[in-house]
Amino acid sequence: MDEGANCTDQAVGHIAFATSARRSHLRRAPINRRRAGSGGLHRGRESLHLNLPNDLFNNFRRRIHTPTRARDQCPVNADACNAVDGDWLNVEDKIGLVPIYGGDHFVFDRSPQRRGGRYASLFVDEICLQVERTTTRRAPHDTICDVGFVVTSGLDSLAVSQISGDSLIFEPVGVRGVSVLGQDGVRRAGGEFWGRGRRLKCGAAGGVGRGDGGGDSRIRQKGK
């Protein structure tokens, strides 16, 4: 990009949520798509990007569960990106993550510096589906990240390991959705169309989206 350029249009992001709330837990399936705006040089990329505080308040230690093991995550002495084995993870038997599309495993982006919060006052581990540190030239409207995943609150590692989902991606480009099997045996689907002035069905699994800028979406159920 040119020196001194105004970079407010470097990227445009869209996000939609399908939420299932119960008294004991919350389950949410976000769909996140980010595209280059006017194009130019982009320094690095991180998709999903969930900040996990790991500081004094939890004694600088987090218990991470994956399909193959449970381990304690402690502070690091240098910047690091650590891939997580398996297709789900759970933090402290409280926060769960399952990728649906856009990546098949998680990556922890870690730093010895405080960087979390408005004033960069917390040590945080950033949980991502992709991490790139290179500078890339992108053409206008290039896709930077395109991911769907499930995030839960209040479910233990056993419950998170049983979550399954499928992507719902349809032409024309811009239609994205996820289909997730619930604990009650009902498969629910949600879809979103990030386009303009058209109404589209997102397949037999259920979601309907109508786009006008952000657009709207609603969720249907598919029986057991």
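Residues numbered from 1 in each chain as written. Predicted model: local features only at pLDDT ≥ 70, side-chain atom pairs only at ≥ 80, totals over all residues. Heavy atoms only, no water.

Draft legend 1. Up close: the nonpolar core. Grouped together as the largest cluster of nonpolar side chains are 14 residues, with contacts concentrated most on Ala 29, Val 98, Val 150, Ile 163 and Val 178. Put simply, the parts of the chain that give this core at least two residues each are β2 (26–36), β9 (95–101), α1 (157–161) and β15 (175–181). It is β9 that contributes the most residues to this core, 3 residues altogether. Beyond its immediate stretch of four places on either side in the chain, Ile 163 contacts Arg 27, Val 98, Val 150, Thr 152, Leu 155 and Val 180. Counting 13 residues, the second-largest nonpolar core is a separate cluster that includes Ile 64, Val 91, Phe 106 and Ile 127. (Core = buried A, V, L, I, M, F, W, Y, C linked by side-chain atoms within 4.5 Å. Buried < 20%, exposed > 50% of the residue type's maximum accessible area, 1.4 Å probe, protein only. Helix = DSSP H or I, 4+ residues; strand = E, 2+ residues; numbered from the N terminus. Contact = heavy atoms within 4.5 Å.)

Draft legend 2. Fine view of the sheet that holds strand β4 (residues 50–53). The sheet built from 4 strands is open, its strands ordered β4-β11-β10-β7 with antiparallel pairing. Every interior strand has two partners, whereas the edge strands, β4 and β7 (80–83), have only one. Strand-to-strand, the axes of this sheet are offset by a mean angle of 25°, without reference to chain direction. Pairing of β7 with strand β10 (residues 107–110), which is carried by 4 bridges, proceeds in the antiparallel orientation. Within β10, the position partnered with Cys 81 by the bridge is Asp 109. (Pairing = 2+ DSSP bridges. Axes fitted to C-alpha atoms, helices over the stretch in contact; angles between N-to-C directions.)

Draft legend 3. The arrangement of the pattern of salt bridges in detail. Inspection of every chain in the model, using the stated rule, returns 8 salt bridges. Between Arg 61 and Asp 72 there is a salt bridge, and its shortest N-O distance comes to 3.7 Å. Note that Arg 61 is positioned in the loop between β4 and β5 (62–65) and Asp 72 in strand β6 (residues 70–73), a separation of 11 residues in sequence. On the basis of relative accessibility, which here comes to 41%, the residue Arg 61 falls in the partly exposed class. By sharing partners, the salt bridges in this structure join Arg 61, Arg 63 and Asp 72 into a single network. (Salt bridge = Lys/Arg side-chain N within 4 Å of Asp/Glu carboxyl O.)

Draft legend 4. Region of interest: the side chain of Arg 176. The residue Arg 176 is located in strand β15 in this model. By relative accessible area, Arg 176 is classed as buried at 9%. At a separation of 2.7 Å, a polar atom in the side chain of Arg 176 contacts the side chain of Asp 146. (Polar contact = N/O pair within 3.5 Å; in protein donor to acceptor, adjacent residues only side chain to side chain.)

Draft legend 5. Spatial organisation of the environment of Asp 104. Here Asp 104 is to be found in the loop between β9 and β10. Residue class for Asp 104 comes out exposed when judged on its relative accessible area of 60%. The spatial distance from the C-alpha of Asp 104 to the C-alpha of Asp 87 is 6.2 Å, given a sequence separation of 17 residues. Not counting residues up to four positions away in its chain, the partners in contact with Asp 104 are Gly 86, Asp 87 and Pro 99.

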